[in-house]
Amino acid sequence: MATGRRGVNKQLGLADMQKQVDDYIGQFKEGYFQPMTLVVRLSEELGELAREVNHHFGEKPKRQDEADGSIALELGDMLFVIACLANRLNISLDDAFAAVMEKFQTRDKDRWTRIEK
């Protein structure tokens, strides 16, 4: 697997991502924030993502003096906070994702027009 700066693994599954976040948070006495604080942080990160998407694809360009942002980094920030929340609540993101895909593949299987093969 490819690693980036400081040996951070760049190709992770959800469980690996959760472990890497847990290892990072585990080195601090404060540990994880409370769930409500994490939800507020997730809302903040969503706002930052919305701002970047708006600047790239919307009708509101950045001011000349504003630094370029990154949609990818904002998505990464959201993943980090989601992993923190899942870890704090002892939720497996692998299991949660499998459950939501099952829901979409059953409940919504005929909701959209399929591409003919």
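The sections below set out a description of the structure shown in this document.

### Considerations on helix 1 (residues 14-25)
Point 1. If you check helix 1, its first and last C-alpha atoms are 16 Å apart, about what 12 residues at 1.5 Å a residue would give, namely 16 Å.
Point 2. Turning to helix 1, its buried residues are Met17, Gln18, Val21 and Ile25. Take helix 1 and look down its axis: the buried residues cluster within an arc of 100°, on one side only.
Point 3. For helix 1, the secondary structure elements touched by its buried residues are helix 3 (71-88) and helix 4 (93-107).

### Thoughts on the packing of helix 1 against helix 3
Point 1. At their nearest, the axes of helix 1 and helix 3 sit 9 Å apart, and the two run at 80° to each other. In terms of their interaxial angle, helix 1 and helix 3 are classed as roughly perpendicular. Residues Met17, Gln18, Val21, Asp22, Tyr24 and Ile25 of helix 1 form the contact with helix 3, whose participating residues are Leu79, Phe80, Ala83, Cys84, Ala86 and Asn87.
Point 2. Residues of the contact of helix 1 with helix 3, tallied by class, amount to nine nonpolar, two polar and one charged.

Conventions we followed
- Residues numbered from 1 in each chain as written.
- Predicted model: local features only at pLDDT ≥ 70, side-chain atom pairs only at ≥ 80, totals over all residues.
- Heavy atoms only, no water.
- Helix = DSSP H or I, 4+ residues; strand = E, 2+ residues; numbered from the N terminus.
- Expected span 1.5 Å × (residues − 1).
- Buried < 20%, exposed > 50% of the residue type's maximum accessible area, 1.4 Å probe, protein only.
- Arc of directions from axis to C-beta.
- Contact = heavy atoms within 4.5 Å.
- Axes fitted to C-alpha atoms, helices over the stretch in contact; angles between N-to-C directions.
- Parallel < 35°, antiparallel > 145°, perpendicular 65-115°, else oblique.
- Nonpolar A, V, L, I, M, F, W, Y, C, P; charged D, E, K, R; others polar.

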